[in-house]
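One-letter residues, chain by chain:
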Amino acid sequence: MAINHMMVVGSGQMGSGIAQVCAQSGYHVYLYDANKNALDKGMEGVRKRLTKAVEKTRISEHEKQNTMDLLQPVTDIDSVRECDLAIEAIVENLDAKTSLFNELDARAPDHAILATNTSSLPITEMAAATNRPEQFIGMHFMNPVPVMKLVEVIRGLQTSDATYQAVEAMATDLSKSPVEVDDAPAFAANRILMPMINEAIFAVHEGVASVEDVDTVMTLGMNHPMGPMTLADFIGLDTCLYIMEVLYDGYNDSKYRPCPLLKKYVHAGWLGKKAGRGFYQYD
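What comes next is a walk through the structure. Everything numeric in this text was worked out from a predicted model, so none of it was measured.

About the cut-offs
- Residues numbered from 1 in each chain as written.
- Predicted model: local features only at pLDDT ≥ 70, side-chain atom pairs only at ≥ 80, totals over all residues.
- Heavy atoms only, no water.
- Phe/Tyr/Trp six-rings, centres within 6.5 Å; stacked < 30°, edge-to-face > 60°.
- Helix = DSSP H or I, 4+ residues; strand = E, 2+ residues; numbered from the N terminus.
- Buried < 20%, exposed > 50% of the residue type's maximum accessible area, 1.4 Å probe, protein only.
- Lys NZ or Arg CZ within 6 Å of the ring centre and 35° of its normal.
- Contact = heavy atoms within 4.5 Å.

## Some details on the packing of aromatic side chains
The description of an aromatic ring pair uses the distance of the two centres, along with the angle that the planes make with each other.
Link 1 in the chain: One pass over the full model with this rule turns up 4 aromatic pairs.
Link 2 in the chain: For the ring pair Phe101 and Phe136, a centre distance of 4.7 Å and an interplane angle of 70 degrees mean the geometry is edge-to-face. Taken as a pair, Phe101 in helix α4 (residues 94–107) and Phe136 in strand β6 (residues 136–141) lie far apart in primary sequence, 35 residues in all. In this pair, the class of Phe101 matches that of Phe136, namely buried.
Link 3 in the chain: Look at Tyr265 and Trp270: their rings are 5.1 Å apart centre to centre, the planes differ by 90 degrees, and that puts the pair in the edge-to-face class.
Link 4 in the chain: By relative accessible area, which is 17% here, Tyr265 ends up buried.
Link 5 in the chain: Among the aromatic residues, ring-to-ring pairing joins Tyr265, Trp270 and Phe279 into one connected group.
Link 6 in the chain: Taking NZ or CZ as reference, Arg155 lies 4.5 Å from the ring centre of Tyr164, over its face.
Link 7 in the chain: Directly above the aromatic system of Trp270 lies the positively charged group of Arg277, at a separation of 3.6 Å from the ring centroid.

Here you go:
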């Protein structure tokens, strides 16, 4: 099926980034958020990123303006009635997502695909809450969306081949590299990444090495562009903990046990860069 008009639900860092790359690729995009202040902030973030891209001569002023013309902020979810695809990018909470998809399912055209940007939650369960499970799929972008090339395209049990092929083709059209992933706890990317971060935190917790030295080991020794402690702060320690709990509950395997130090930092409100403090302190 052809995808021309779409909606991105949620105007935070992920949602605004998804909306931006879709508009840059020529799609007509509604960026929806019920919170007008959040929506304004998301749109301003898009403008700033595009302006920086113009300054660095990565895109032209004309391309910037064309992107902004294709991107329309809306606070009325009924705009999804005009869309071929809706991508959800709200809080990582199963109940919240399921409730949202009930609304989208009731309003979207019969042919429309519903996609979730979840990083860990079950696609099959969310799909089953709609009347179109065969047109439901996971589309997990990496952060920051305008920069990172990977998209995990995650099939639920009910996802049709036609739905998968349409979303895979769209991801390629966005100049992304889609990878087919089955529906499993935390999928592929976070099943690999989060235990590595968790183990790095255990190394600090057990006094093996300091925060800074763990990062140095992985950047200079393993050629990672960012150390795991810095990356955890960037992702958000609450998000890291949540995904580790999804893995621990999903597989019932002790190797996914969240580090007590990670739990302690989250309980203290030291959530990383967004909170001004995590394993490092930020201005």
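## Focus: the environment of Tyr27
Link 1 in the chain: Relative to the helices and strands, Tyr27 resides in the loop between α1 (13–24) and β2 (28–32).
Link 2 in the chain: Assessed through its relative accessible area of 8%, Tyr27 is described here as buried.
Link 3 in the chain: Aside from chain neighbours lying at most four places away, what touches Tyr27 is Ile3, Asn4, Met6, Cys22, Leu70, Met170, Asp173 and Leu174.

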